[in-house]
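Results of the structural survey
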Protein chains: 2
Amino acid sequence: MGSSPRIAVDAMGGDEGLAVMLAGVARARRQNDGMRFLLVGDEAQIRAGLEKHPNLSAASEILHAPEVVTATDKPSQAIRRAKTTSMGLAIDAVKRGDAAAAVSAGNTGALMAMSKLSLRTMPGIDRPALAALLPSLGENDLVMLDLGANTECDAQNLIQFAVMGAAYARTVLELDRPRVALLNIGTEELKGTDEIKDASTALRTATYLPMQFNGFIEGDRISRGEVDVIVCDGFSGNIALKTAEGTARFVGDLLKRAFTSSLRSKIGFLISRPATELLKHHLDPNNHNGAVFLGLNGLVVKSHGSANEVGVANAIGVAAKMVRADLARRITEDLDNFKAHIGPEVAEA
Amino acid sequence: MGSSPRIAVDAMGGDEGLAVMLAGVARARRQNDGMRFLLVGDEAQIRAGLEKHPNLSAASEILHAPEVVTATDKPSQAIRRAKTTSMGLAIDAVKRGDAAAAVSAGNTGALMAMSKLSLRTMPGIDRPALAALLPSLGENDLVMLDLGANTECDAQNLIQFAVMGAAYARTVLELDRPRVALLNIGTEELKGTDEIKDASTALRTATYLPMQFNGFIEGDRISRGEVDVIVCDGFSGNIALKTAEGTARFVGDLLKRAFTSSLRSKIGFLISRPATELLKHHLDPNNHNGAVFLGLNGLVVKSHGSANEVGVANAIGVAAKMVRADLARRITEDLDNFKAHIGPEVAEA
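Under an unreviewed UniProt entry, the name given to chain A is Phosphate acyltransferase, and the organism recorded is Sphingomonas cavernae. In its Catalytic activity (unreviewed entry) section, the UniProt entry covering chain A states "a fatty acyl-[ACP] + phosphate = an acyl phosphate + holo-[ACP]".

Rendered as structure tokens:
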């Protein structure tokens with residue numbers, strides 16, 4: 001790939017269709033100088049769509065895929081079509097070294113299953129995790145993982161997630177020493193499951209790692225901007241992420257109800273519209289788009305199915321940052337460092 | 001107690017002090033005809049405070065307690081002072097049959113430990129659960145449990161929580177056949193832990209119970225008004241509850257920032273104030289105050305530590321409703337019914 005890395009894009013994934021995917025990639029192309037793309041999907045459709053984007057066209061190659069993974073395909077069905085679907089072939093390009101990362105807005109379960117099967121987990125990582133960026137009151141977004149790849153996790157999984165999440169925050173948020181915390185139901189040392197307590201004990205001693213371990217954090221402080229990385233099992237992570245999404249929408253719905261409840265409040269709303277638009281912008285998932293499967297031998301980014309052009313461009317921007325920063329190498333170094341300090345027996349206990 | 005039940009109130013618990021507690025009880029007294037109170041705490045202070053509330057004074061007796069459980073007391077310390085603290089003596093009044101329910105705004109961990117030790121779990125219930133009312137887009141609040149009493153739960157615990165939660169919703173929300181769902185990370189039958197899947201299988205067949213089992217619900221749909229009771233283990237419940245609280249506050253903070261960002265938006269805010277006040281009212285925890293320990297031989301209600309007069313009155317209102325509806329009997333009947341149908345061996349497997 002040389003000096004000019006290439007990102008494989010599953011052009012057919014996503015609810016918004018090929019045109020939005022291509023517009024998003026074209027936008028990402030303008031934002032990431034020298035980045036090249038492998039557009040995977042129906043060749044004729046992609047070629048036609050590229051006519052609108054000469055700038056992207058010049059930086060892209062097309063890889064034809066006769067099939068598409070649909071939103072309702074089960075992961076077990078999808079993996080059987082790894083060599084014929086746009087999603088499968090985008091991942092395969094990463095495996096073959098033909099692309100430095102893959103981006104897809106398709107079916108999450110299928111993307112995770114295909115990525116695991118094709119790319120396999122990195123040495124030293126028992127299980128990959130799904131990490132995403134969430135808005136916060138702080139100066140930067142925060143990284144949260146695992147968001148649903150692993151329903152149950154032991155202490156080793158959580159420690160590995162912390163190492164991977166911190167490396168990811170250093171890369172994407174450009175922090176030297178991200179503040180890391182474990183999601184728990186209290187901040188006292190006695191709180192929570194044995195897995196969480198054991199992970200906390202191990203991370204507390206790992207002061208040589210490029211992170212600052214802050215202990216436990218509770219659900220009500222997730223978005224306060226006090227930490228940069230929040231680590232949890234995939235069950236609690238998924239519950240927390242979706243509850244946060246649902247509550248933000250709930251408050252938004254109540255606000256809408258309130259603002260339309262009288263003429264007076266409608267007028268007030270119109271006047272303060274620039275302010276509420278700012279809020280909408282801050283909470284818009286498109287501005288935090290790009291969840292990442294960490295811990296695989298290759299970079300895979302999940303764009304939200306309903307992401308718009310800006311969202312797709314952000315997801316590709318996340319992939320570009322990870323490629324440029326050589327994220328996989330950082331994770332490997334940190335893990336090796338961790339094991340060298342505590343001894344491989346303990347690390348793999 | 002006859003026709004005029006009595007509620008024991010830990011008058012010294014809560015961050016807002018005795019005056020707010022008494023004002024809340026006085027308000028509850030006006031809202032609940034014929035309800036009587038046992039005010040537990042420092043006798044001289046309570047007597048002085050009651051001078052402002054002649055109406056409450058006439059319906060109350062005072063039980064002197066020389067000590068107070070503080071916010072920083074560990075549960076293990078608190079239980080040793082069960083016979084001298086206002087919290088301990090309020091619970092003890094329930095145990096002795098001297099009050100039909102106890103209400104405290106004190107230290108949650110201590111209240112839970114003391115209640116369990118003194119009142120013990122009901123026959124047929126393995127573990128008590130903490131249940132609370134949350135706002136929703138639907139016509140009524142929803143009941144969620146467990147919110148932190150049990151970090152890990154098996155299928156039997158979850159089934160018992162569902163039965164107790166439904167009985168609670170019938171009582172407090174006055175629903176004939178509450179819709180019940182298990183909190184999960186997907187709605188397909190294959191999703192989640194074995195415990196959740198087993199509980200779902202059992203509840204799906206229990207169509208004779210006065211509830212409608214709706215299967216799984218995800219975090220983003222908690223407040224949509226689609227179900228009346230959400231059942232989960234105490235770890236996920238605590239994470240979800242606190243994440244929802246934190247997100248509502250987060251959105252509120254962003255809104256405040258947005259509204260104060262320019263003169264124009266400040267003016268818009270002032271004009272639409274009645275609308276935003278409505279929203280504030282709907283989300284105000286005081287209007288949903290009163291978490292309940294379900295599954296004990298006696299009713300114990302936890303009022304939020306920072307509850308105001310309205311909040312305290314609501315918590316006492318919850319206790320009054322449970323007393324009037326004879327909640328414990330309802331739970332026992334439903335559990336017996338469940339066991340009679342599936343056989344005690346299965347129920348206790």
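From this point, things continue past the structure.
Our focus in this paragraph is the side chain of Asn289(A). Residues and elements named next belong to chain A. Among the secondary structure elements, Asn289 is positioned in the loop between helix H11 (273-283) and strand S10 (291-294). A distance of 2.9 Å separates a polar atom in the side chain of Asn289 from the backbone nitrogen of His304. Side-chain polar atoms of Asn289 contact the backbone oxygen of Gly311, separated by 2.8 Å. Leave out the neighbours within four places in its chain, and Asn289 touches Lys302, Ser303, His304, Ala307, Gly311, Val312, Asn314, Ala315 and Val318.

For the match of chain B to chain A, the screw axis carries a shift of 0.0 Å, the RMSD comes to 0.0 Å, and the turn is 180°. Both copies are brought into coincidence by an operation consistent with a two-fold rotation axis. Looking at the rotation axis and the C-alpha trace of chain B, the residue lying nearest is Gly268(B), at 2.1 Å. When the interface residues of chain B are mapped onto chain A, 100% of them are again interface residues, pointing to one common binding face.

A word on the packing of helix H1 (residues 18-31) of chain A against helix H12 (residues 309-325) of chain A. Residue and element names in this part refer to chain A. Relative to each other, H1 and H12 sit at 50°, their axes nearing to 7 Å. It follows from the interaxial angle that H1 and H12 lie oblique. As H1 packs across H12, the resulting crossing turns out to be right-handed. Taking contact as the criterion, the partners of Val20, Met21, Ala23, Gly24, Val25, Arg27, Ala28, Arg30 and Gln31 in H1 are, on H12, Glu309, Val310, Val312, Ala313 and Ile316. Along the lines of polarity and charge, the residues of the contact of H1 with H12 split into 9 nonpolar, 2 polar and 3 charged.

This part covers the sheet that holds strand S5 (residues 129-134) of chain A. Residues and elements named next belong to chain A. Pairing within the open sheet is mixed, and its 11 strands lie in the order S3-S2-S1-S4-S11-S10-S5-S6-S9-S7-S8. With partners counted over all chains shown, the strands left at the sheet margins are strand S3 (60-64) and strand S8 (212-217), one partner each. Across the sheet, the axes of successive neighbouring strands diverge by a mean angle of 25°, strand direction being ignored. Two strands pair when backbone bridges link them, and strand S6 (residues 142-145) and strand S9 (residues 229-231) are joined in this way by 3 bridges, in the parallel orientation.

Applying the stated criterion across every chain yields a total of 36 salt bridges over all chains. Residue Glu333(A) is joined to Arg329(A) by a salt bridge in which the shortest nitrogen-to-oxygen separation is 2.6 Å. Of this pair, Glu333(A) and Arg329(A) are both found in helix H13 (residues 327-342), 4 residues apart, which corresponds to roughly one turn of the helix. A salt bridge links Asp326(B) to Arg329(B); the nearest nitrogen and oxygen atoms lie 3.3 Å apart. By relative accessible area, Arg329(B) is classed as partly exposed at 40%. Among the ionic contacts, a cluster of salt bridges with common partners joins Arg6(A), Glu61(A), Lys83(A), Asp92(A), Arg96(A) and Asp98(A).

Residues and elements named next belong to chain A. Taken domain by domain, chain A comprises domain 1 (1-123 + 296-324) and domain 2 (126-294). Its C-alpha centre places domain 1 at a distance of 25 Å from the equivalent point of domain 2. Across the boundary between the two partners, domain 1 contributes 22 residues, which contact 19 residues of domain 2. Summed over both sides, the interface of domain 1 with domain 2 buries roughly 1600 Å², with 63% coming from carbon and sulfur. The largest share of the area that domain 1 buries against domain 2 comes from Met112, Val318 and Lys321, three residues that together contribute 29% of it. Linking domain 1 to domain 2 there are 1 salt bridge. When residues of the side of domain 1 that touches domain 2 are traced back to their parent elements, those giving at least two are helix H6 (108-119), strand S11 (299-302) and H12. The element best represented in the side of domain 1 that touches domain 2 is H12, accounting for 8 residues. When grouped by side-chain class, the residues that make up the side of domain 1 that touches domain 2 number 11 nonpolar, 8 polar and 3 charged.

Below, the discussion takes up unusual backbone geometry. Across the junction of Leu145(A) and Asp146(A), the peptide omega takes the value 0°, indicating a cis bond. Notably, Asp326(A) is not glycine yet its phi reads approximately 55°, a positive angle. Even without glycine at this site, Glu174(B) takes up a positive phi of about 55°. Mapped onto the fold, Glu174(B) is located in the loop between helix H7 (155-172) and strand S7 (179-183). Of the residues examined, Glu174(B) reaches a relative accessible area of 57% and is grouped as exposed.

So, about the interface of chain B and chain A. Counting residues at the interface gives 54 residues for chain B, matched by 55 residues for chain A. Between chain B and chain A lies a buried interface of about 4900 Å² when both sides are counted; carbon and sulfur atoms form 70% of it. Where chain B touches chain A, the interface holds 4 salt bridges. The salt bridge partner of Asp253(A) is Arg224(B), with a shortest N-O separation of 3.0 Å. The tally of links from chain B across to chain A stands at 9 residue pairs in polar contact (both at pLDDT 80 or more). Per element, the largest residue contribution to the side of chain B that touches chain A is 21 residues, and it comes from helix H9 (residues 234-259) of chain B. The residue inventory of the side of chain B that touches chain A, partitioned by class, reads 25 nonpolar, 18 polar and 11 charged.

With that settled, consider helix H11 (residues 273-283) of chain B. In an α-helix, one turn spans 3.6 residues, which is why side chains three or four residues apart end up on the same side. Among all positions in H11(B), only Ala275(B), Thr276(B) and Leu279(B) are buried. The buried side chains of H11(B) occupy one side of the element, clustering within an arc of 95° when seen end-on. Turned more than 90 degrees away from the buried face of H11(B), the exposed residues are Lys280(B) and His281(B). Residues of H11(B) that are buried make contact with helix H9 (234-259) and helix H10 (263-271) of chain A together with helix H10 (263-271) of chain B.

Residue-level pLDDT values for chain A average 89, and 97% of them are 70 or greater. Across residues 345-349 of chain A, confidence stays below pLDDT 50; counting only partners more than four residues off in sequence or on other chains, it has 6 contacts.

Residue and element names in this part refer to chain A. Turning to its location among the elements, Leu175 is positioned in the loop between helix H7 (155-172) and strand S7 (179-183). In the structure, Leu175 is positioned 36 residues away from Met211 in sequence and 9.4 Å away in space, judged by C-alpha atoms. Apart from the residues within four sequence positions on either side, Leu175 is in contact with Asn140, Ala169, Arg170 and Asp228.

Here is what the cut-offs are and how they apply
- Residues numbered from 1 in each chain as written.
- Chains lettered and ligands numbered in written order.
- Predicted model: local features only at pLDDT ≥ 70, side-chain atom pairs only at ≥ 80, totals over all residues.
- Heavy atoms only, no water.
- UniProt positions renumbered as here; feature names shortened; annotations may be inferred.
- Helix = DSSP H or I, 4+ residues; strand = E, 2+ residues; numbered from the N terminus.
- Polar contact = N/O pair within 3.5 Å; in protein donor to acceptor, adjacent residues only side chain to side chain.
- Contact = heavy atoms within 4.5 Å.
- Least-squares fit on C-alpha atoms with pLDDT ≥ 70 in both.
- Axes fitted to C-alpha atoms, helices over the stretch in contact; angles between N-to-C directions.
- Parallel < 35°, antiparallel > 145°, perpendicular 65-115°, else oblique.
- Left-handed = near helix turned anticlockwise from the far one by under 90°.
- Nonpolar A, V, L, I, M, F, W, Y, C, P; charged D, E, K, R; others polar.
- Pairing = 2+ DSSP bridges.
- Salt bridge = Lys/Arg side-chain N within 4 Å of Asp/Glu carboxyl O.
- Buried < 20%, exposed > 50% of the residue type's maximum accessible area, 1.4 Å probe, protein only.
- Domains from an automatic or database assignment.
- Buried area = accessible area lost by both parts, 1.4 Å probe.
- Arc of directions from axis to C-beta.
- pLDDT = per-residue confidence, 0-100.

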